[in-house]
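# Topology and contacts: notes
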Amino acid sequence: MTQELVIRNMTRPEVDELVGWAAREGWNPGLNDARLFWATDPDAFIAAELAGELIGGGAITAYQGEFGFMGFFIVRPEFRGKGLGNTLWHARRERLLARLRPGASIGLDGVLTMQDYYAKGGFVFSHRNLRFRAEIPKRPITPRPVTPTVGNQEIVPLVEVPFDQVLDYDRACFPAPRATFLKGWLSQPGAAALGCRRAGNLSGYGVVRRCGQGYKIGPLFADDAQAAQALYAHLAERAAGGLLFLDAPENNPAALELVHRHRMVEVFGCARMYLGPAPAIAHRRIFGVTTFELG
C-alpha cells in the first residue's frame, strides 16, 4: 500500500458504521449499543483511515483509568491481509495504555483463532467466554428452581433497588467502577433490568436487551445458581417466541450448568485475555458477561 494509514479518533456517525460492520460479521450487537458505548467513553473509538476512507476501527474503553478494555476490532474484508489491521491494533493498545494509570490491566475478548496473535502483544489467556443460543417458546414454562427456595427471594425491577447498591454489586464482578455505563445500560429502550433480593439484600441482577437477532442477556451476575436461575427465567420471558443469547464464562462451572440446563446451544466463543495482572473479581458470581465489546 502506497498511501499512509491514518489512525485517529472516530466520529459519532462512524461508530454507527462500525456497529453495522459488527452485525455483518455475525456479532449480533444490541440495537442501542452504538449510542450507549459512545456515551460511556467517546474517546474510546479509534479509526483507521486510508486515502480518506474508513477501513477499520475498534474501541479502547478506559474505566476511570483503573481498567481498560479493547473491543470492536474490525478491518473491512477487502483490506485484510495487508498489515493494516496489525498497525491499527498496536496503535490502539499503545493509546489505551496511555489513558490508564501505570500498571493498570487491559482485557479483551478475542476470537479464538486470534489468540496467538494477541499473545504476541503481551496478552495472557484467562478463560473462554462462550456464546449460547436458545429458542424461547411463546409461552415459556418457568423451570423448577435448581434448589428449593431458601429464605425470602424475590425478582424485582432493578429501578426499585438503590443505584449505589447496584454499583457495589457490579463492582465485585467488574474490574473498575462503571457508573456512566450502567446508567445508560440499565435504562435502554426495549430492555429489561431485574434484580434478585433476599431478605432485602441484592443477591444478583441481570439485563436483557434487543439485538439484531433476538435478545441477549448481559450481564447476569448472581450470588449463586439459585439466584441466577430465577433471574434467567424472568429475563428469558422478554425473548418469548424468538432467540435468546447468553455469553457464559467457562471458568464458572455453575454458569455452564445453567446454559446446559436450558438446553442452550453453543454458537460462538472468545478468549478472555489480559495484559497485566488478571483482575481479582468474583468469578463465581459471573453467569453472563456484559458485552464482548466493552467488557
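A separate point is empty space enclosed by the protein. Over the atoms rolls a probe the size of a water molecule, and its path tells where empty space is left. For the structure on display, the rule yields one cavity of 30 Å³ or more. Taken as a whole, the largest cavity encloses approximately 150 Å³ of empty space. Along its surface, the largest cavity is lined by 19 residues, and C173, R272, I281, I286 and V289 are the ones closest to its centre. Broken down by secondary-structure element, the contributors of at least two residues to the lining of the largest cavity are strand 4 (67-75), strand 6 (124-135) and strand 12 (265-275). Residues belonging to the lining of the largest cavity are distributed by class as follows: eleven nonpolar, six polar and two charged.

Let us now look at helix 5 (residues 163-173). Listing the buried residues of helix 5 in full gives V166, Y169, D170 and C173. The arc that holds the buried residues of helix 5, viewed along the axis, is 100°, so those residues lie on one side. The elements touched by buried residues of helix 5 are helix 6 (179-186), strand 9 (201-210), strand 10 (215-222) and strand 13 (286-288).

This part takes up the state of the cysteines. In total, this model carries zero disulfides according to the counting rule given. Of the cysteine sulfurs around C196, a residue in no disulfide, the closest is that of C173, at 13 Å. This cysteine, C270, is not joined by any disulfide, and C211 carries the nearest cysteine sulfur, 14 Å off.

Along helix 2 (residues 33-40), the positions that sit buried rather than exposed are D33, A34, L36, F37 and T40. Of the surrounding elements, those touching the buried residues of helix 2 are helix 1 (12-24), strand 2 (45-50), strand 3 (53-63), strand 4, helix 6 and strand 9.

If you add up the space inside the largest pocket, you get close to 560 Å³. Lining the largest pocket are 30 residues, and of these W27, F73, V111, M114 and Y118 sit closest to its centre. Going through the elements one at a time, strand 4, helix 3 (84-99), strand 5 (105-111), helix 4 (115-120) and strand 12 are the ones with two or more residues in the lining of the largest pocket. Considering every element that reaches the lining of the largest pocket, the biggest residue donor is strand 4, with six residues. Classifying every residue of the lining of the largest pocket gives 17 nonpolar, six polar and seven charged.

Taken as a whole and judged by the stated rule, the model has 17 salt bridges. Note that D109 and R272 form a salt bridge whose closest N and O atoms lie 2.9 Å from each other. Of this pair, D109 sits in strand 5 while R272 sits in strand 12, and the two are 163 residues apart along the sequence. Judged on exposure class, the residue D109 and its partner R272 are both buried. It is possible to trace a salt-bridge network through shared partners that takes in R8, E14 and E49.

On to the pairing of strand 10. With eight of eight residues buried, strand 10 is to be regarded as a mostly interior element. Note that strand 9 and strand 10 share six bridges and pair antiparallel. Residue R209 lies in a different strand from strand 10, and its bridge partner there is K216. Taken together, strand 9 and the strand that follows it, strand 10, pair antiparallel across an intervening segment of four residues, in which G214 is found at a positive phi of about 65°. In terms of strand pairing, strand 10 meets strand 11 (residues 243-249) through three bridges, oriented parallel.

Note that the residue after G218, namely P219, is joined by a cis bond; omega there is 0°. Unusually for a residue other than glycine, F72 sits at a positive phi of about 60°. Take F72: it is sitting in strand 4. By relative accessible area, F72 is classed as buried at 3%. Despite not being glycine, R263 has its phi angle at roughly 55°, a positive value. Counting through the fold element by element, R263 comes out in the loop between helix 8 (253-261) and strand 12. Under the relative-accessibility criterion, R263 is labelled exposed at 75%.

Burial analysis of strand 4 places nine of its nine residues in the buried class, which makes it a mostly covered element. In this structure, strand 3 lies alongside strand 4, joined through seven bridges in antiparallel fashion. Note that in strand 4 the partner of G57 across the bridge is I74. In this antiparallel pair of consecutive strands, strand 3 and strand 4, the connection spans three residues, and Q64 shows a positive phi of 55°.

What counts, and at which threshold
The residue numbers shown here count from 1 along each chain, following its written sequence. Since the coordinates come from a predicted model, pLDDT governs what is reported: local features require at least 70, and pairs of side-chain atoms require 80 or more to be given and counted, while whole-chain, interface and lining totals use all residues. Processing note: side-chain calculations cover all non-hydrogen atoms of the structure and skip hydrogens and water entirely. The way it works is a 1 Å grid over only the protein atoms, where trapped points that fit a 1.4 Å probe form a cavity and open points with protein on both sides within 12 Å along at least five of seven lines form a pocket, and then any residue with an atom within 4 Å of a point lines it. Grid points are joined across faces, edges and corners, and a volume is the space filled by probe spheres set on the points. Here a strand is any run of E in DSSP of at least two residues, a helix any run of H or I of at least four, and the numbering for each starts at the N terminus. Throughout this entry, Asp, Glu, Lys and Arg are counted as charged residues, while Ala, Val, Leu, Ile, Met, Phe, Trp, Tyr, Cys and Pro are counted as nonpolar. The remaining residues, Gly among them, count as polar. Relative accessible area decides the class of each residue, using a 1.4 Å probe on protein chains only: under 20% of the type maximum gives buried, over 50% gives exposed, and in between gives partly exposed. Arc definition: it is the arc formed by the directions from the helix axis to the C-beta atoms. Whether two residues are in contact is decided by their heavy atoms, any of which lying within 4.5 Å being enough. For the purposes of this analysis, a disulfide is any pair of cysteine sulfur atoms at a distance within 2.5 Å. Salt bridge, as applied in this entry: a Lys or Arg side-chain nitrogen positioned within 4 Å of an Asp or Glu carboxyl oxygen. What makes two strands pair is DSSP finding at least two bridges between them.

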